[in-house]
Amino acid sequence: MTSVKLAAGLVCPVPANAPDRVQLGHGSGGKLSAALLQERFLPGFGNPVLAALGDAAVMDVAGVELAISTDSFVVSPLEFPGGDIGSLSVHGTVNDLAMMGARPVGLSAGYILEEGLPFERLDRIIASMAAAARAVPVPIVTGDTKVVERGKADGLYINTTGLGVRLPGAAPAPDRAQAGDAILVSGPIGRHGMAIMAAREGMAFESSIESDSAALWPLVQPLLEQFGAEVHALRDPTRGGVASALNEIAAASEVGMVLEEGAIPIPGPVAAGCEMLGLDPLYVANEGVFLALLPRRLAVRALALLRSHPLGAGAAIIGRVVTTHPKFVILETGLGGTRIVDTLPGDQLPRIC
Amino acid sequence: MKYLSEYRDPKVARGLISRIAETATRRWVLMEVCGGQTHTIVKQGLDELLEGAVEMIHGPGCPVCVTPLEQIDKALHLASRPDVIFTSFGDMLRVPGSECDLLQVRARGGQVRVVYSPLDALELAQRNPDRQVVFFAVGFETTAPANAMAVWRAKELGVRNFSVLVSHVTVPPAMVALLESPDNRVQGFLAAGHVCTIMGWSEYEPIAAKYKVPIVVTGFEPVDILEGIYLAVRQLEEGRHEVENQYVRSVRREGTVPARNLVEQVFQLVDRKWRGIGEIPRSGLGLRAEYADFDAEIRFGLGAIEQEEPTECRAGDVLRGVLKPVQCPAFGTICTPEHPLGAPMVSSEGACAAYYNYGRFRKAQPAGATT
Amino acid sequence: MCLGIPGRIVEMHDDAGLAMGTVDFGGVRREVCLQYVAGQVKPEDYVVVHVGFAISRVDEVEARRTFNVLKEMSRLDELDWIGEVADQSLNQLGGAGGSA
């Protein structure tokens, strides 16, 4: 590539094809994130448990199936409509355990506090986190605190690690989806990501959208108790949205998927906010819904079960797993056309065009 | 959403598809000018549904795609300066310059912020008086009034730390350049509905008459595009070549006069290079002398530079409509959204990205099926 | 260039000489510059908004008229189709001498 000679002499020495450092896109849950994992972390730590890349790691310890999951929370703003970083950090890890069929038994919480964070704000977040944990219920049994200089940590970062016990007979895993499965979603999508976007400087808009941040174990438990190992896969579509989560399962299970555009539940204001900014709801983050893949003959009963619970009131069957086009997720539009739903390289960006 | 959802009605859309199929006695070649229209066509699979009756060629209506390499490089330079907060629409962030893109400049410590409106950038300047705020003023005639207002307002309010890097282009000269090209196959056009909302449609009348091509001013939803295609096909079947307005709910013949007036006051026509096409005289907008103080190229002393495109990138052929993205040897192999060779693969409006992200998997190259 | 969506004006005000307003897009609201349509619009009117600017007023009368034409056209197509199917069924019944 030619060097750029500009009046002020800046030269950008690295070719665009091989970035030499971490970019924001590496945290977005899309292709860059996957590459970071595959190319940098897995080779270093490789072991069969990690390689399964489930939402939580499942290990047989003295005959008991234990699940461990860890998640770090760096959301900004710290407090947003429908939640805050505290409650989010409880829900996120409890949900990762739930996605592997595990009942949460304990959480740890590590805090990185920025010098200058007002106690008033910290106290609110602690109270919210305690309330979220009690509601599951799961005790926060151990923790750690560090303080960093002003200017780092955006106020506060939290890491939670959860320990869970797998429900006997439950074995949801990303590589167990099968042709003939129905794809269900437990509620309307796009709320968390748009609630955050509405608060962002430069993008701000007014809306009634609230984050859907919620602990999902109370909804997952009855589903697993009723259908056991027939629940082939569970995934909570957080960063990267429904599109990324389904692509991960399609890749791990080596199956194709077909989604029906008209069946995907999207709240009006979420759709409107996405229209305004040029975003696709399928890529917007969620923190209180999950995807379930199970045999088609059980789908209607599973749907009824989800809908009978307040957290699952908006549940819907949104698609099916097929043998054609393995690893591709296809969307059927209302007009009868089709398109591929691929993962994005990095974050989805608002557009004018 | 009112005045949006109705234009996605599947029954109405299917009715139009039947009409088009019944009306066309041969396969006509049409071009939709605007990237937003390309987006809808590929996202809804409309060209698949119209296979026999119409071939849609995707035009250069993506201001992101046609922004010349030099302007991207200037943007990268400005964004790297520690005294500058560089603001831009989201579309531009992943467009590759000669060596990197705005996202990588941000990773290196450059202050790069996405804004929804140019007025947000102006507000940022007012809130950060100790920094220079530069706004990347890209777009067609649709966006020019918004960018003009930001500059006009900055001058009126005396916001001295605000400036714009201009890369505006206008549609009619590009259409003429395409029509003059010896390998042109386009027989009719869907003109860009929001460009015409501002500009009206009178500029297209001499083009329709001279080159004998129907031009239908068209909106962006599936029903709009299908109706636009239907009207164009009907004209072609009847041997007419007029300017028709499909997008009546937004477009009037005179356009939005106050917007045109302010654009005229702040900007002037200049020669502009279109990435992949080359220089088209009087096809761009630049700031007038009275607003030179707000021109980032002058304020930061960015000289004129020439850049070469990577040879494998066939963006030019794609933008001129002579090559479909799937026919390009680099498509899906060495050129993908994660490592694009050119802008049409990065911009969500670019024909290449549209095909890659929404395209039919059975037409994709085998190597493009896995990442 | 392209992304312009219709919204309903909720309120209008002046911001140091610039006509501004709050526009509702199906449940989300944003501040929009109304300078280019000032004098043509009032609250409850619909405008097309691009990058935070109203670029035109939606002509609701024209929109309804032209959309009804399209709906009628698609309904007629459906009636044609129903008619064809009905004809086919009647022919089959007649040919096979089947029961009514």
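Parameters at a glance
- Residues numbered from 1 in each chain as written.
- Chains lettered and ligands numbered in written order.
- Predicted model: local features only at pLDDT ≥ 70, side-chain atom pairs only at ≥ 80, totals over all residues.
- Pairing = 2+ DSSP bridges.
- Helix = DSSP H or I, 4+ residues; strand = E, 2+ residues; numbered from the N terminus.
- Axes fitted to C-alpha atoms, helices over the stretch in contact; angles between N-to-C directions.
- Contact = placed C-beta atoms within 7 Å.
- Domains from an automatic or database assignment.
- Nonpolar A, V, L, I, M, F, W, Y, C, P; charged D, E, K, R; others polar.
- pLDDT = per-residue confidence, 0-100.
- Expected span 1.5 Å × (residues − 1).
- Buried ≥ 20, exposed ≤ 12 C-beta atoms within 10 Å, placed from the backbone.

1. Thoughts on the sheet that holds strand E7 (residues 188-192) of chain B
Residue and element names in this part refer to chain B.
Inference 1: Spatial ordering of the open sheet is given by E2-E1-E7-E8-E9, a layout of 5 strands whose pairing is parallel. In the strand order of this sheet, the two ends are held by strand E2 (54-61) and strand E9 (243-245), each with one partner. Direction aside, the axes of adjacent strands within the sheet are offset by 25 degrees on average.
Inference 2: Across 6 bridges, strand E1 (residues 28-34) lies against E2 in parallel orientation. Across the sheet, Leu30 pairs through a bridge with Met56, a residue of E2.

2. A word on the sheet that holds strand E1 (residues 57-61) of chain A
Residues and elements named next belong to chain A.
Inference 1: Read from one edge to the other, the open sheet built from 5 strands follows the order E1-E2-E7-E5-E6, with strand pairing classed as mixed. Each of the sheet's edge strands pairs with one partner strand only, and the pair in question is E1 and strand E6 (140-148). Between one strand axis and the next, the sheet turns through 20 degrees on average, direction left out of account.
Inference 2: Examined bridge by bridge, strand E5 (residues 102-114) and E6 share 8 bridges and lie parallel to one another. By the bridge assignment for E6, Leu107 is matched with Ile140.
Inference 3: Lying over the sheet, helix H3 (residues 85-99) contacts strand E2 (64-73), E5 and strand E7 (156-166), oriented at roughly 30 degrees with respect to E7.

3. Side note on the domain arrangement of chain A
Quoted interface sizes are often the accessible area lost when the parts come together.
Residue and element names in this part refer to chain A.
Inference 1: In terms of domain boundaries, chain A breaks down into domain 1 (58-166) and domain 2 (181-340).
Inference 2: Of note, the centres of domain 1 and domain 2, computed from C-alpha atoms alone, are 23 Å apart.
Inference 3: Counting residues at the interface gives 21 residues for domain 1 and 21 residues for domain 2.
Inference 4: Contributing elements (two or more residues each) for the side of domain 1 that touches domain 2: H3, E5 and helix H4 (119-135).
Inference 5: Of the residues that constitute the side of domain 1 that touches domain 2, the class distribution is 13 nonpolar, 7 polar and 1 charged.

4. What to know about unusual backbone geometry
Inference 1: The peptide bond linking Ser76 of chain A to Pro77 of chain A adopts the cis configuration, its omega dihedral lying at 5 degrees.
Inference 2: Relative to the helices and strands, Pro77 of chain A is located in the loop between E2 and strand E3 (79-80).
Inference 3: For Tyr3 of chain B, which is not glycine, the phi torsion reads 65 degrees and is therefore positive.
Inference 4: Tracing the backbone shows Tyr3 of chain B in the segment before helix H1 (10-23).

5. Regarding the confidence of the model for chain A
Inference 1: Considering every residue of chain A, the mean pLDDT works out to 89; 94% of them sit at 70 or more.
Inference 2: Between residues 1-18 of chain A, whose pLDDT stays under 50, and residues either more than four places distant or in other chains, the model counts 40 contacts.

6. A closer look at H3 of chain A
All names here are of chain A.
Inference 1: For H3, which comprises 15 residues, the first-to-last C-alpha distance of 21 Å matches the rise-based estimate of 21 Å (1.5 Å per residue) to within 8%.
Inference 2: Burial of H3 is extensive: 15 of the 15 residues sit out of reach of the surface.
Inference 3: Among the residues trailing H3, Gly101 stands out with phi positive, at a value near 85 degrees.

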